[in-house]
Amino acid sequence: MHPLIEKLIAQGPVVTDGAWGTQLQARGLAPGECPDAWNLSHPDRVEAVARAYVDAGSQIILTNTFRSNRITLADHGLAERAQELSRAGAEISSRSAAGRACVFASIGPSGKMLVTGEVTEEELRAAFSEQARALAAGGADGIVVETMSDPAEARIAVAAARETGLPVAATMVFDSGKDKDRTMMGTTPEQAARQLSEAGADVIGANCGQGIAGYVPLARRLRAVTDLPIWIKANAGLPVLVGGKTTWRTSPEEFASQVPALLEAGAGFIGGCCGTGPDFIFAVRRALG
Ligand SMILES: [Zn+2]
């Protein structure tokens, strides 16, 4: 096991952070605007999100770099800024953590499909390697490859992240099938566990896609097929539109009430995804005593 992961889990369950997208929107990010561009245009607001999570008790915070690979950034005309945005994102979180938390830098999916030939394996490899190197240069302590639907893309991203020598967490999004236990590509938790472990991830898990109650059976199924630590970041329930505005209905207290069940199911790293904020992390910390 990577020494940093060993050190983190030695003290018991590890609290990560909550969502960034919804927090940046609350600070003025416009619909359709590229959140990662704020690492250069509004570093103070990005830093405020990171610091709010550290203050709420996150032991690990992520970075505002979910889309900072050149393939995704090309949709915003920012492909050539990939290194700069990734590095700045890692620097902002490292500065905010200031030794009080670890920084696991976020690598999200490219948004392009390998199976349809929209993107090639070689293009993905190059883009994720470039991003991972810049995140490491910006001072990240680890990397999290997250919200992946396609295990083939996840494997490429994990391999690229591992080249940095940093510990790597890898999580997929289970939002499909009648029991919401498959990724959009049909991957089951058992298949995901095998593929992510084979790719060399130090921590595996799931994020986004559904509320926290649905993660209890998912964590249990992952636990049954792997010895690796399990990382879970659930949404604040499912989004509902209220007066044209996306709203999340789960309260921090309801969210935190599922923490004991999630721990019993095998989760070792717990945080939130879409709709969750610092108040959720504070409630999770409290639930852990
Ligand atoms: Zn999410």
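Just above sits the structure.
Residues numbered from 1 in each chain as written. Predicted model: local features only at pLDDT ≥ 70, side-chain atom pairs only at ≥ 80, totals over all residues. Heavy atoms only, no water.

### Quick word on the coordination of the zinc ion
Any two of four tetrahedral donors ideally make an angle of 109.5 degrees at the metal, while pairs among six octahedral donors ideally make 90 or 180 degrees. Rules: Because water is not among the atoms used, a metal site may look incomplete, as its donors are only the N, O and S atoms within 2.8 Å, or 3.2 Å for Na, K and Ca. Only runs of H or I of at least four residues qualify as helices and only runs of E of at least two qualify as strands under DSSP, and these elements are numbered from the N terminus.
Coordination of the zinc ion by the protein comes from Cys-208 (SG), Cys-273 (SG) and Cys-274 (SG), over a distance range of 2.2 to 2.3 Å. If you list the donors of the zinc ion from N- to C-terminus, the spacing comes out as C-x64-C-C. Placement of the pair is Cys-208 in strand S6 (residues 203-211) and Cys-273 in the loop between strand S10 (267-272) and helix H13 (278-287), with a sequence separation of 65 residues.

### Quick word on the layout of surface pockets
Keep this limit in mind: A cavity here means a set of 1 Å grid points, computed over protein atoms only, where a 1.4 Å probe fits but cannot escape. A pocket is an open set with protein on both sides within 12 Å along at least 5 of 7 lines, and lining residues have an atom within 4 Å of a point. Grid points are joined across faces, edges and corners, and a volume is the space filled by probe spheres set on the points.
Looking at the largest pocket, its volume works out to about 750 Å³. Ala-19, Trp-20, Gly-21, Thr-22 and Gln-25 are the residues nearest the centre of the largest pocket, which is lined by 37 residues in total. Those elements that provide at least two residues to the lining of the largest pocket are helix H2 (21-26), strand S4 (142-148), S6 and strand S9 (245-248). No other element matches H2, which puts 6 residues into the lining of the largest pocket.

### Topic: the environment of Val-225
Counted only if it meets this: For each residue, the accessible area found with a 1.4 Å probe, counting protein chains only, is set against the maximum for its type, and the residue is called buried under 20%, exposed over 50%, and partly exposed in between.
Inspection of the secondary structure assignment puts Val-225 in helix H10 (residues 215-225). On the accessibility criterion, Val-225 (45% relative accessible area) is partly exposed. Taking C-alpha positions, Val-225 is 9.4 Å from Gln-191, a pair spaced 34 residues apart along the chain.

### Notes on the pattern of salt bridges
Just so we agree on the cut-off: Counted as salt bridges are all cases of a side-chain nitrogen of Lys or Arg within 4 Å of a carboxyl oxygen of Asp or Glu.
Within this structure, the stated rule accounts for 17 salt bridges. With its nearest N and O atoms 3.4 Å apart, the salt bridge here joins Lys-178 to Asp-179. Neither Lys-178 nor Asp-179 differs from the other in exposure class; each is exposed. The structure contains a network of salt bridges with shared partners spanning Glu-47, Arg-51 and Arg-95.

### Section: the sheet that holds strand S1 (residues 14-15)
Test applied: At least two bridges found by DSSP between two strands is the condition for calling them paired.
Taken together, the 8 strands give an open sheet; going across it, the order is S1-S10-S7-S6-S5-S4-S3-S2, and neighbouring strands pair in parallel fashion. Two strands bound the open sheet, and with one partner strand each, they are S1 and strand S2 (60-61). Two strands pair when backbone bridges link them, and S1 and S10 are joined in this way by 2 bridges, in the parallel orientation. Paired with Val-14 across the two strands is Phe-269, which belongs to S10.

### Considering the side chain of Thr-226
The cut-off we apply is this: In what follows, a contact means two residues having at least one pair of non-hydrogen atoms within 4.5 Å.
On the secondary structure map, Thr-226 appears in the loop between H10 and strand S7 (230-235). Not counting residues up to four positions away in its chain, the partners in contact with Thr-226 are Ser-197 and Ile-204.

### Re the packing of aromatic side chains
Spelled out, the test is: Pairs were defined over the aromatic rings of Phe, Tyr and Trp, the Trp ring being its six-membered one, requiring ring centres within 6.5 Å. Orientation was assigned from the angle between planes: stacked under 30 degrees, edge-to-face over 60, tilted for the rest.
Overall, the coordinates contain 4 aromatic pairs when judged by the stated rule. Arranged with centres 6.4 Å apart and planes meeting at 40 degrees, the rings of Trp-20 and Tyr-53 form a pair that is tilted. With Trp-20 in the loop between S1 and H2 and Tyr-53 in helix H4 (residues 43-56), this pair connects stretches of sequence that are 33 residues apart. The class of Trp-20 is buried, set by a relative accessible area of 9%. On the numbers, 5.5 Å between centres and 25 degrees between planes, the contact of Trp-231 with Phe-269 is stacked. Here the residue Trp-231 occupies a position in strand S7, and Phe-269 occupies one in strand S10, the gap between them amounting to 38 residues. The pair formed by Trp-231 and Phe-269 is uniform in burial state, with each residue classed as buried. The rings of Phe-104, Trp-231 and Phe-269 are connected pair by pair, giving a single aromatic cluster.

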